Amino acid sequence: GESVGLHLPTLSVQEGDNSIINCAYSNSASDYFIWYKQESGKGPQFIIDIRSNMDKRQGQRVTVLLNKTVKHLSLQIAATQPGDSAVYFCAEKKGNTPLVFGKGTRLSVIA
Amino acid sequence: DGGITQSPKYLFRKEGQNVTLSCEQNLNHDAMYWYRQDPGQGLRLIYYSQIVNDFQKGDIAEGYSVSREKKESFPLTVTSAQKNPTAFYLCASTGTGLAGGPHFGPGTRLTVT
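Here the residue index of a chain counts from 1 through its sequence in written order. As a convention, the first chain written is A and the first ligand written is 1, with the rest following in written order. Residues qualify for local features only when their pLDDT is at least 70, as the model is predicted, and side-chain atom pairs are given and counted only at 80 or more; totals for whole chains, interfaces and linings, by contrast, use all residues. Only hydrogens and water are set aside; all other atoms, that is, all heavy atoms of the structure, feed into the side-chain values.

J.: I keep staring at the environment of Glu24 of chain B and nothing clicks. Help me out?
T.: Residue and element names in this part refer to chain B. Where helices and strands are cited, they refer to DSSP runs of H or I of at least four residues and of E of at least two residues respectively, numbered from the N terminus. Along the chain, Glu24 falls in strand S3 (residues 19-25). Note: C-alpha distance between Glu24 and Phe74 (50 residues apart in sequence) is 6.7 Å. There is a polar contact of 3.0 Å between the side chain of Glu24 and the side chain of Ser73. Polar contact criterion, stated in full: a pair of N or O atoms within 3.5 Å, where within protein one must be able to donate a hydrogen and the other to accept it, and residues adjacent in sequence count only if both atoms are side-chain atoms.

J.: Honestly, the environment of Pro44 of chain A in this entry has me stumped. Any pointers?
T.: Position of Pro44 of chain A among the secondary structure elements: in the loop between strand S4 (32-38) and strand S5 (45-51). The sequence separation of Pro44 of chain A and Val87 of chain A amounts to 43 residues, and the corresponding C-alpha distance is 8.9 Å.

J.: What is the right way to read the state of the cysteines from this model?
T.: Cysteine pairs can be covalently joined through their sulfur atoms, and such a bond is termed a disulfide. Residue and element names in this part refer to chain A. Count a disulfide wherever a pair of cysteine sulfur atoms falls within 2.5 Å. For the structure on display, the rule yields two disulfides over all chains. Disulfide pairing places Cys23 opposite Cys90 at an S-S distance of 1.9 Å. Residues Cys23 and Cys90 are joined by a disulfide whose S-S torsion is about 55°; by sign, that bridge is right-handed. Highlighted residues: Cys23 in strand S3 (residues 19-25) and Cys90 in strand S9 (residues 86-93), separated in sequence by 67 residues. Accessibility assignment for this pair places Cys23 and Cys90 in one class, buried. Buried residues are those whose accessible area, probed at 1.4 Å on protein chains only, stays under 20% of the maximum for their type, while exposed residues exceed 50% and partly exposed ones sit between those limits.

J.: Is there a simple way to think about the pattern of salt bridges in this case?
T.: One side chain can pair with another of opposite charge once the charged atoms of both are near each other. What makes a salt bridge here is a side-chain nitrogen of Lys or Arg within 4 Å of a carboxyl oxygen of Asp or Glu, nothing more. For the structure on display, the rule yields seven salt bridges over all chains. Its salt-bridge partner being Lys42 of chain A, residue Glu39 of chain A comes within 3.5 Å of it at the nearest N-O pair. Residue classification places Glu39 of chain A among the partly exposed residues on the basis of a relative accessible area of 24%. Across the pair Asp38 of chain B and Arg36 of chain B runs a salt bridge, and its minimum N-O distance is 3.0 Å.

J.: Is there a simple way to think about the interface of chain B and chain A in this case?
T.: When the parts of a complex come together, some accessible area is lost, and that lost area is often taken as the interface size. Here, residues are in contact when the closest pair of their heavy atoms is within 4.5 Å. The partner chain A presents 21 residues to the 23 residues of chain B that form the contact. By convention, the term buried area covers the 1.4 Å-probe accessible surface removed from two parts as they join, with the contributions of both added. Summed over both partners, the interface of chain B with chain A comes to about 1600 Å²; 55% of that surface belongs to carbon and sulfur atoms. Counting every contact that joins chain B to chain A gives zero salt bridges. For the interface between chain B and chain A, the tally reads five residue pairs in polar contact (both at pLDDT 80 or more). Listed by contribution, the elements that provide at least two residues to the side of chain B that touches chain A are strand S4 (31-37), strand S5 (43-51) and strand S9 (87-94) of chain B. In terms of residue count, the dominant contributor to the side of chain B that touches chain A is S5 of chain B (four residues).

J.: Could you clarify how one ought to interpret the pairing of strand S6 (residues 54-57) of chain B in this entry?
T.: The side chains of a regular strand alternate, first on one face of the sheet and then on the other. Residue and element names in this part refer to chain B. Pairing of S5 with S6 involves three bridges; the strand directions are antiparallel. Across the sheet, residue Tyr47 finds its bridge partner in S6, namely Lys57. For two strands to pair, DSSP has to find at least two bridges joining them. Counting the residues in the hairpin turn of S5 and S6 gives two residues, including Asn53, whose phi is positive at 65°.

J.: Is there a simple way to think about unusual backbone geometry in this case?
T.: A negative phi angle characterises most non-glycine residues, just as the trans form characterises most peptide bonds. In this chain, Ser7 of chain B is followed by Pro8 of chain B through a cis amide linkage whose omega measures -10°. Structurally, the position occupied by Pro8 of chain B is in the loop between strand S1 (4-7) and strand S2 (10-13). You will see that Lys71 of chain A, though not glycine, has its phi angle at about 55°, which is positive. Mapped onto the secondary structure, Lys71 of chain A falls in the loop between strand S7 (62-67) and strand S8 (72-77). For Lys71 of chain A, a relative accessible area of 27% gives the class partly exposed.

Now the structure itself:
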């Protein structure tokens, strides 16, 4: 299948700052996107999702932006905390097909 | 991790032996998935099943086999034909529709020596 990639493999931010994690996807037919957070040795946890008929969705301290024109997805974390340190994956799918995952971005929060 | 159980968390086997990883869910989800994760890598799809008694190969199915005899269970067998079986294996499930995405289990780390 087509791959989903990330611009940066690692990201370090100061505690309290905002974090932005980017993702490029290649399948223009994808209609659903998810961000997952994975802590070391654990399974990925759902953070937020967005459908292709939207360009922005907000959750608690997180916002996902979707730009279909350039096939770009981003995850914004407000007031980053040490507990946000993890690997973040974006994933995409079309219809009922399985999710395709990107390689992930490691977020390190500096106290 | 709630709702999906993978056991054991750590599994050790000798090369040449088949090993079966269990995955059980009580979420009443129709679809179940097996992913493999190597260090510093993303998740790659091994097999998935959208309904009982039916399953499809993912991107890296060679050397693996699955069964889906019950809605709640989707065991994965890593056979001796899998050339590099040492990895972190993740099971996931999802209900119908798009909302929420797959829910993942805690994973099983398999080490083959």
